[in-house]
Amino acid sequence: VDFSDFVFIPYGEFIMGHNTELPEDFNPEHKVTLSGFWIHQAEVTNQQYAACVAAGICSKPSVEKDEPYRYGRAQYANYPVVGVNWYQAVEYCEWIDARLPSEAEWEKAARGTDHRLYTWGNQSPDLPSTGNQIVHDSLKPAGANSKDISPYGLLDMGRNVSEWVNDFFQESW
């Protein structure tokens, strides 16, 4: 419907989370086995989301605090849509006959199965000496971070904008 590219992530086990000395919402490490699934290769763009709005399915994104409103401006058509809440993300996914990934699916798609810390490996994105230089000061077009590519070929999973997942976070049970 929106000319998205999807990538298939195969069935298998991976290590989810990361061990740290202090309690964090991503520890402890644990093995997770997932069925195969399809996931959007890149962030949803303003242009793709606008097609859903034009179809009368989705509502326009909200204005984000301290962020320029790029939605609806031609020069930002290929930038990721921002200001979309979880419910709007679900509506969009349903419109393209897809769904939001679970947190585990998103993490496997981003990090792969070789126990890397980031989509690109184990080097911190904040260290200029790595040559990785993922860090940037402003939003980029979807897929523009040429070094931020997951082992499965997904784009911008380490930086640019945050993505929604289908799960919810609960600090304590």
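Treat the numbers as computed from the prediction; the structure is a model and nothing was measured.

With that settled, consider the packing of aromatic side chains. With the rule as written, the count across this model stands at 7 aromatic pairs. Where Tyr-92 meets Trp-95, the ring centres are 6.0 Å apart and the plane angle is 50°; that geometry is what we call tilted. You can see Tyr-92 and its partner Trp-95 sitting in helix α2 (residues 86-95), 3 residues apart, about one turn around the helix. Look at Tyr-92 and you get buried, because its relative accessible area is 3%. By relative accessible area, which is 18% here, Trp-95 ends up buried. Cluster of aromatic residues (ring-pair linked, three or more members): Tyr-49, Tyr-69, Tyr-71, Tyr-92 and Trp-95. The ring of Tyr-76 is capped by Arg-70, whose NZ or CZ atom sits 5.5 Å from the centre of that ring.

One non-glycine residue, Asp-66, lies in the positive phi region at around 60°. With respect to the helices and strands, Asp-66 occurs in the loop between α1 (46-54) and α2. By relative accessible area, which is 73% here, Asp-66 ends up exposed. Phi is positive for His-115, close to 65°, though the residue is something other than glycine. With respect to the secondary-structure elements, His-115 resides in the segment after α3 (103-111).

Within this structure, the stated rule accounts for 4 salt bridges. Its salt-bridge partner being Arg-116, residue Asp-114 comes within 2.9 Å of it at the nearest N-O pair.

Here we come to a nonpolar patch on the surface. Where nonpolar side chains cluster on the molecular surface, the patch consists of Phe-6, Phe-8 and Trp-38 and spans about 340 Å² of accessible area. The exposure class assigned to Phe-6 is partly exposed, which follows from its relative accessible area of 33%.

For Ser-150, the position within the fold is in the segment after α3. Relative accessible area serves as the criterion here: at 4%, Ser-150 is assigned to the buried category. Not counting the four nearest positions on each side in its chain, Ser-150 is found in contact with Ala-109, Ala-110 and Thr-119.

In this section: α2. When α2 is considered as a whole, its buried residues turn out to be Gln-88, Ala-89, Val-90, Tyr-92, Cys-93 and Trp-95. Next to the buried residues of α2 lie β4 (37-40) and α1. Asp-97 sits one or two positions beyond α2 and adopts a positive phi of about 60°.

In this structure, Ala-42 sits in the loop between β4 and α1. For Ala-42, a relative accessible area of 23% puts it in the partly exposed group. C-alpha separation for the pair Ala-42 and Asp-156, spaced 114 residues apart in sequence, amounts to 6.6 Å.

With 15 residues, the main nonpolar core has Tyr-49, Cys-58, Val-81 and Tyr-92 as its most contacted residues. At the level of elements, α1 and α2 are the ones that each hand at least two residues to this core. When residues of this core are assigned to their parent elements, the largest contribution, 5 residues, is made by α2. Residues in contact with Tyr-49, not counting those within four places in the same chain, are Val-44, Cys-58, Ser-59, Pro-61, Tyr-71, Val-81, Val-84, Gln-88 and Tyr-92. Of all hydrophobic cores here, the second largest spans 13 residues; its members include Phe-14, Val-32, Leu-34 and Ala-110.

All right, on to α1 then. Looking only at α1, the buried set comprises Asn-46, Gln-48, Tyr-49, Cys-52 and Val-53. Projected down its long axis, α1 shows its buried positions confined to an angular sector of 165°, all on one face.

Reading the values: rules and limits
- Residues numbered from 1 in each chain as written.
- Predicted model: local features only at pLDDT ≥ 70, side-chain atom pairs only at ≥ 80, totals over all residues.
- Heavy atoms only, no water.
- Phe/Tyr/Trp six-rings, centres within 6.5 Å; stacked < 30°, edge-to-face > 60°.
- Helix = DSSP H or I, 4+ residues; strand = E, 2+ residues; numbered from the N terminus.
- Buried < 20%, exposed > 50% of the residue type's maximum accessible area, 1.4 Å probe, protein only.
- Lys NZ or Arg CZ within 6 Å of the ring centre and 35° of its normal.
- Salt bridge = Lys/Arg side-chain N within 4 Å of Asp/Glu carboxyl O.
- Patch = residues over 30% accessible without salt bridge, like charges linked within 9 Å, V, L, I, M, F, W, Y side chains within 5 Å.
- Areas by Shrake-Rupley, 256 points an atom, 1.4 Å probe, with all protein chains shown as cover.
- Contact = heavy atoms within 4.5 Å.
- Core = buried A, V, L, I, M, F, W, Y, C linked by side-chain atoms within 4.5 Å.
- Arc of directions from axis to C-beta.

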